[in-house]
Amino acid sequence: FLQVFLIAMLFVNANVFAQELTFDITNATGVDLLYIQVSESNDSNWGSDIIPDDVFYDGDTFTVSLPIYENTICAHDMKVTDFEDDYVILTGADLCELYEITLLFDDNGQLTWYLE
């Protein structure tokens, strides 16, 4: 019985770790972007670039899948860098409740995001 229980627990844990935070990102900035890095809001280190190709062209959309671990939190930040090495940090997206991010410039010319 103990062996069956342990095997069942491993299977349950494997399913938990197989889950992902999945969302789309659209570039509506009017400029091409070089890097997008994502990290949990409580993490001081940025993750790897999530752009699937070398360039995230204006008008393009791609799907992001981030793994969920036992200690994953929903609040994430995003660092967006253009080809002039200028970057903006956008904070506090709840990726557990999010399906789409649109990057754009607001009325003041600041890079921002629209979360759906």
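J.: What is the right way to look at the state of the cysteines in this model?
T.: The bond known as a disulfide is covalent and runs between the sulfur atoms of two cysteines. Applying the stated criterion across every chain, the model contains 1 disulfide. Shown here is the disulfide that connects Cys74 with Cys96, its sulfur atoms set 1.9 Å apart. Of note, the bridge from Cys74 to Cys96 carries an S-S torsion of about -90° and is left-handed in sense. You can see Cys74 sitting in the loop between β3 (61-67) and β4 (75-82) and its partner Cys96 sitting in the loop between β5 (87-94) and β6 (100-105), a full 22 residues away along the chain. Here Cys96 falls in the partly exposed class, since its relative accessible area comes to 36%.

J.: So what exactly am I meant to see when it comes to the confidence of the model for the chain here?
T.: Detailed reading of the predicted model is not advised wherever pLDDT is low. Mean pLDDT over the chain: 84, with 84% of residues reaching 70 or higher. Averaged pLDDT values over the elements of the chain bottom out at 44 in helix α1 (residues 2-18) and peak at 94 in strand β2 (residues 33-40). Within the model, pLDDT remains below 50 along residues 4-18, and this stretch shows 4 contacts once partners closer than five positions in the same chain are excluded.

J.: What am I meant to see in the nonpolar core here?
T.: Soluble globular proteins tend to bury their nonpolar side chains together. Core analysis: the largest hydrophobic core is formed by 23 residues, its most contacted members being Ile25, Ile36, Met78, Leu95, Ile101 and Leu103. For this core, the secondary structure elements donating two or more residues are β1 (20-27), β2, β3, β4, β5, β6 and β7 (111-115). When sequence neighbours within four positions are dropped, the list of residues in contact with Met78 reads Ile25, Ile36, Gln37, Val38, Trp46, Val88, Ile89, Leu90, Ile101, Leu103 and Trp113.

J.: What exactly am I supposed to notice about the sheet that holds β2 here?
T.: Sheet strands pair via backbone hydrogen bonds, and the direction of the pair is either parallel or antiparallel. Spatial ordering of the open sheet is given by β2-β4-β5, a layout of 3 strands whose pairing is antiparallel. Looking at the sheet topology across the chains shown, the edges are occupied by β2 and β5. Pairwise comparison of adjacent strand axes, ignoring direction, gives a mean angle of 20° for this sheet. In this sheet, β5 lies alongside β4 in antiparallel orientation, the contact comprising 6 bridges. Bridge assignment links Val80 to a residue of β5, and that residue is Val88.

J.: Sorry, what's going on with the sheet that holds β3 here?
T.: Across the sheet, which stays open at both edges, the 4 strands sit in the order β3-β1-β6-β7 with mixed pairing between neighbours. Of all the strands in the sheet, the pair left with one neighbour each is β3 and β7. Pairs of neighbouring strands in the sheet enclose a mean axial angle of 30°, with direction left out of account. Sheet topology places β6 next to β7; 5 bridges connect them, and they run antiparallel. Considered in β7, the bridge of Ile101 is made with Leu115.

The rules behind each value
- Sequence order sets the numbering: in each chain, residues are counted from 1 along the sequence as written.
- Per-residue local features of the predicted model are confined to residues with pLDDT of at least 70, and side-chain atom pairs are confined, for both listing and counting, to 80 or more; whole-chain, interface and lining totals are unaffected and use all residues.
- Just so you know, side-chain values use all the structure's heavy atoms and leave hydrogens and water out.
- Cysteine sulfur atoms that come within 2.5 Å of each other are treated as a disulfide pair.
- Strands are runs of DSSP state E lasting at least two residues, helices are runs of H or I lasting at least four, and both sets are numbered from the N terminus onward.
- Only protein chains enter the accessibility calculation, which uses a 1.4 Å probe. A residue is then buried if its area is under 20% of the maximum for its type, exposed if over 50%, and partly exposed in between.
- For every residue, the pLDDT score states the predictor's confidence, bounded by 0 at the bottom and 100 at the top.
- The contact criterion used throughout is that any non-hydrogen atoms of two residues lie within 4.5 Å.
- As used here, the term nonpolar core means buried Ala, Val, Leu, Ile, Met, Phe, Trp, Tyr and Cys residues forming a set that is joined through side-chain atoms within 4.5 Å.
- In this analysis, strands are considered paired if DSSP registers two or more bridges between them.
- To obtain an axis, a line is fitted to C-alpha atoms, over the contacting stretch when the element is a helix, and the angle between two such axes runs from 0 to 180 degrees between their N-to-C directions.

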